[in-house]
Amino acid sequence: LIIAVITIEGTGLFLTISFSNHLTKVLNELNKAANQVKNGNFNQEVSVRSEDELGQLALSLNAMIASLRQQISAVNIRDEFLSVASHELKTPLT
């Protein structure tokens, strides 16, 4: 009976530690990617390893990064257009 209890408790402890380590690893990876985006690096992509809540969070983070890349590209194109148009308006026709 004592051996059975020790085995069950040991298995429970092992599973708890394994789950905790996996959760910490995934959360650290998501946090690292979010910090990279915060610092202006929009070339990040988080690997999606599951379909649970953490996987959904990774998908959302990847979608947000892609959306930010597109918006920044659109702003850069608009700024370049405005710069060229402004220059053309300031330059007299000859």
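Note on numbering: residues in each chain are counted from 1, in written sequence order. Predicted model: local features are reported for residues with pLDDT of at least 70 only, side-chain atom pairs are reported and counted for 80 or more only, and whole-chain, interface and lining totals are derived from all residues. Water and hydrogen atoms play no part in the side-chain values, which are based on all heavy atoms of the structure.

A few words on the nonpolar core. Among the nonpolar cores identified, the biggest contains 9 residues, and these are V26, L30, A33, V37, V46, L54, A58, L61 and I65. Elements that contribute at least two residues to this core include exactly α1 (2–38) and α2 (53–90). Residue contacts follow a heavy-atom distance rule, with two residues in contact if any of their heavy atoms lie within 4.5 Å. With sequence-adjacent residues up to four places away left out, V37 is seen in contact with F42, I65 and L68. Among buried residues, those of type Ala, Val, Leu, Ile, Met, Phe, Trp, Tyr and Cys that are joined through side-chain atoms within 4.5 Å constitute a nonpolar core. Throughout this description, buried means an accessible area under 20% of the type-specific maximum (1.4 Å probe, protein chains only), exposed means over 50%, and partly exposed covers the range between. Strands are runs of DSSP state E lasting at least two residues, helices are runs of H or I lasting at least four, and both sets are numbered from the N terminus onward.

Helices that pack against each other are described as a pair by the angle of their axes relative to one another and the distance between those axes. Running from amino to carboxyl end, α1 crosses α2 at an angle of 10°, the nearest separation of the two axes being 11 Å. As far as their axial angle goes, α2 and α1 are roughly parallel. Where α1 approaches α2, its residues L23, V26, L27, L30, A33, A34 and V37 are matched on the opposing element by L54, L57, A58, L61, I65 and L68. Each residue gets one label: Ala, Val, Leu, Ile, Met, Phe, Trp, Tyr, Cys and Pro are nonpolar, Asp, Glu, Lys and Arg are charged, and the others, such as Gly, are polar. Per-class residue counts for the contact of α1 with α2 are 13 nonpolar, no polar and no charged. Orientation is described by lines fitted to C-alpha atoms, with helices fitted over the stretch in contact, and by angles between N-to-C directions that extend from 0 to 180 degrees. An angle counts as roughly parallel when it lies under 35 degrees, as roughly antiparallel when it exceeds 145, as roughly perpendicular when it falls between 65 and 115, and as oblique in every other case.

So, about the environment of T91. With respect to the element layout, T91 can be found in the segment after α2. By relative accessible area, T91 is classed as partly exposed at 35%. Residues T91 and V75, spaced 16 residues apart in sequence, show a C-alpha to C-alpha distance of 24 Å.

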